[in-house]
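# Architecture and fold: a report
Below, each chain spelled out in residue letters.
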Amino acid sequence: MSELLQARVAAALESLHLNTAKANLMRHLQAAQERKLSTLAVLDALLTDELTSRKERSIIVNTKLAHFPVLKTLDSFSFDAQPTIDRRMINDLQTLAFVERAEGIALLGPSGVGKTHIAIGLGMKALQAGVRVYFLSAQDLLDQIHAAQLDGIPGHKQRHLNNVPVLIVDEIGYVEFDKKAATWFFQLLCQRYERRSTIITSNKAFAEWGEIFGDPVIAGAMLDRYLHHCHVLNLKGESYRMRSRKRASGGDNAS
Ligand code: ADP
Ligand code: MG
């Protein structure tokens, strides 16, 4: 009788797509018998297993959908190697209050100082908390706009860019936007303003945005909105890549 019941429960778990619970059913029933656990404790253990595995799977899927060019974590970031970054600010940002408040984060500085690493690390934190993230470079953005012959990005893509809770636009400043692309980017920032978080990285100061976007008026309007609720981190120093190369070749005598 109990075998029949077990088979029925297993079949029900399978039909309900509770596959982890199904896989662990026997183990939990055995543990319950050995340790005289209550029915409620067995249910709790089964459902906790299922929820944990679902969360892990959704993080894996959402990490793929985020399109990070490479996976980086804040744990692997050396703050000693990057003293110009305010560690407390990063700790505050890691609480993800910025996502709740739909605030922006601007990571500015020359090449190789860790801007993209920090942006992806914060994106990973958000993903781990179940927040969806999408990463694209300014070049990707331009390619998307041009691929749509500047008529606009397909509706579903546009909605995704407008609405994804955390959008990371990397490397603003390496490519110039023409007027239509600049207007499109301005509209994207307007759509997200006070609704969603946008993280940008740039090798250029805000004063140079007029050149990047080919129009000081559009650039000014963008910055007016974007900087209204924005954490700005100015990173300085020599490129980490360059320092690694120097260390590897034994050429770094400084510290
Ligand atoms: P940026 O975006 O500012 O050009 P990246 O974030 O791409 O620089 O950093 C360049 C490389 O150096 C990456 O592989 C990154 O992981 C690494 N890196 C940069 N700064 C640090 C740091 N402080 N600690 C650990 N790795 C770093
Ligand atoms: Mg970068």
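Residues numbered from 1 in each chain as written. Chains lettered and ligands numbered in written order. Predicted model: local features only at pLDDT ≥ 70, side-chain atom pairs only at ≥ 80, totals over all residues. Heavy atoms only, no water.

### Thoughts on the overall build of the chain
Where we set the bar: Numbering of helices and strands runs from the N terminus, with a helix taken as a DSSP run of H or I at least four residues long and a strand as a DSSP run of E at least two residues long. Here the globule rule is a power law, 2.2 Å times the number of residues to the power 0.38, and the radius of gyration is based on C-alpha atoms. Only protein chains enter the area calculation, which uses a 1.4 Å probe; residues under 20% of their type maximum are buried, those over 50% are exposed, and those in between are partly exposed. What makes two residues a contact is simply this: any of their non-hydrogen atoms within 4.5 Å. Under the convention used here, Asp and Glu are negative, Lys and Arg are positive, and both His and the chain ends fall outside the count. Here the site of a charge means atom NZ of a Lys, CZ of an Arg, CG of an Asp or CD of a Glu.
Helix and strand counts for the chain stand at 12 helices and 5 strands. Radius of gyration (C-alpha) of the chain: 24 Å, far over the 18 Å computed for a compact globule of 255 residues. Considered along the principal axes of its C-alpha atoms, the chain spans approximately 80 × 55 × 30 Å. Scored against the burial criterion, the 255 residues of the chain give a buried share of 42%. Pairs at least 24 residues apart make up 79% of the contacts formed inside the chain by residues separated by at least 6 positions. Put simply, the chain has 31 plus and 27 minus side-chain charges, and the middle of one group is 3 Å from the middle of the other.

### Quick notes on the domain arrangement of the chain
When the parts of a complex come together, some accessible area is lost, and that lost area is often used as the size of the interface. The condition that has to hold: For the domains described, the bounds stem from an automatic or database domain assignment.
Each domain of the chain was delimited in the assignment, giving domain 1 (3-58) and domain 2 (74-243). Between the C-alpha centres of domain 1 and domain 2 the distance comes to 43 Å.

### Structural notes on the site of ligand 1
Spelled out, the test is: We call a residue near a molecule or strand whenever a single non-hydrogen atom of that residue lies within 4 Å of it. Nitrogen and oxygen atoms within 3.5 Å of one another constitute a polar contact, given that in protein one can donate a hydrogen and the other can accept it, and given that sequence-neighbouring residues count only through two side-chain atoms. Note that accessible areas follow from Shrake-Rupley with a 1.4 Å probe, and for residues the cover is restricted to the protein chains shown. Gly falls in the polar group here, along with every residue not listed as nonpolar (Ala, Val, Leu, Ile, Met, Phe, Trp, Tyr, Cys, Pro) or charged (Asp, Glu, Lys, Arg).
The environment of ligand 1 is made up of 15 residues, and the closest members are S78, G112, K115, T116 and H117. One nitrogen or oxygen atom from the main chain of G112 is found 2.7 Å from an oxygen atom belonging to ligand 1. Protein contact buries 86% of the 560 Å² of open area that ligand 1 shows by itself. For the shell around ligand 1, the secondary structure elements donating two or more residues are α6 (115-128) and α12 (240-248). For the shell around ligand 1, the element with the highest residue contribution is α6, accounting for 3 residues. Of the residues that constitute the shell around ligand 1, the class distribution is 4 nonpolar, 8 polar and 3 charged.

### What about the pattern of salt bridges?
As a reminder of what qualifies: A pair is scored as a salt bridge if a Lys or Arg side-chain nitrogen falls within 4 Å of a carboxyl oxygen belonging to Asp or Glu.
Inspection of every chain in the model, using the stated rule, returns 8 salt bridges. Measuring nitrogen to oxygen at the nearest pair gives 3.9 Å for the salt bridge that ties E50 to R57. Given a relative accessible area of 44%, R57 falls into the partly exposed group. With its nearest N and O atoms 3.1 Å apart, the salt bridge here joins K179 to D215. On the criterion of sequence distance, the pair formed by K179 in helix α9 (residues 179-192) and D215 in the loop between α10 (209-212) and α11 (216-226) is long-range, its members being 36 residues apart.

### What about the side chain of T63?
With respect to the helices, strands and loops of the structure, T63 is situated in helix α3 (residues 39-66). For T63, a relative accessible area of 14% translates into the label buried. Excluding anything up to four places from it in sequence, T63 contacts F68, L71, M124 and L127.

### What about a nonpolar patch on the surface?
Put simply, the test is: Without a salt bridge and with relative accessible area above 30%, a residue can belong to a patch; like charges are then joined within 9 Å and nonpolar side chains (Val, Leu, Ile, Met, Phe, Trp, Tyr) within 5 Å.
A surface patch of nonpolar side chains, about 310 Å² in accessible area, is lined by L40, L43 and L47. By the secondary structure assignment, L43 is in helix α3.

### Overview of the sheet that holds strand β2 (residues 133-137)
Keep this limit in mind: Pairing between strands is defined by DSSP: at least two bridges between them are needed. Lines fitted to C-alpha atoms define the axes here, with helix axes fitted over just the stretch in contact, and angles between the N-to-C directions of these axes take values from 0 to 180 degrees.
Strand order in the open sheet formed by 5 strands is β2-β3-β4-β1-β5, with parallel pairing between adjacent strands. Bordering the open sheet on either side are β2 and β5 (230-234), each of which pairs with just one other strand. This sheet shows a mean twist of 10 degrees between the axes of neighbouring strands, independent of strand direction. With 5 bridges joining them, strand β1 (residues 104-108) and β5 adopt parallel strand pairing. Counterpart to L108 in the pairing with β5 is N234.

### Let's talk about unusual backbone geometry
Residues other than glycine seldom take positive phi values, yet K36 does so here, at roughly 50 degrees. Structurally, K36 can be placed in the loop between α2 (19-35) and α3. One non-glycine residue, H67, lies in the positive phi region at around 60 degrees. Mapping H67 onto the fold places it in the loop between α3 and α4 (87-94).

### A few points about the packing of aromatic side chains
What counts here: Between the rings of Phe, Tyr and Trp (Trp by its six-membered ring), a pair exists once the centres lie within 6.5 Å; its type follows the angle of the planes, with under 30 degrees stacked, over 60 edge-to-face, and the other angles tilted.
The tally for this structure, following the rule as stated, stands at 7 aromatic pairs. Geometrically, the ring pair formed by F68 and F135 is edge-to-face, given 6.1 Å between the ring centres and 70 degrees between the ring planes. Placement of the pair is F68 in the loop between α3 and α4 and F135 in strand β2, with a sequence separation of 67 residues. On the basis of relative accessible area, F135 is assigned to the buried category, the value being 6%. What links up through ring pairs into an aromatic cluster is the set F177, F185, F206, W209 and F213.

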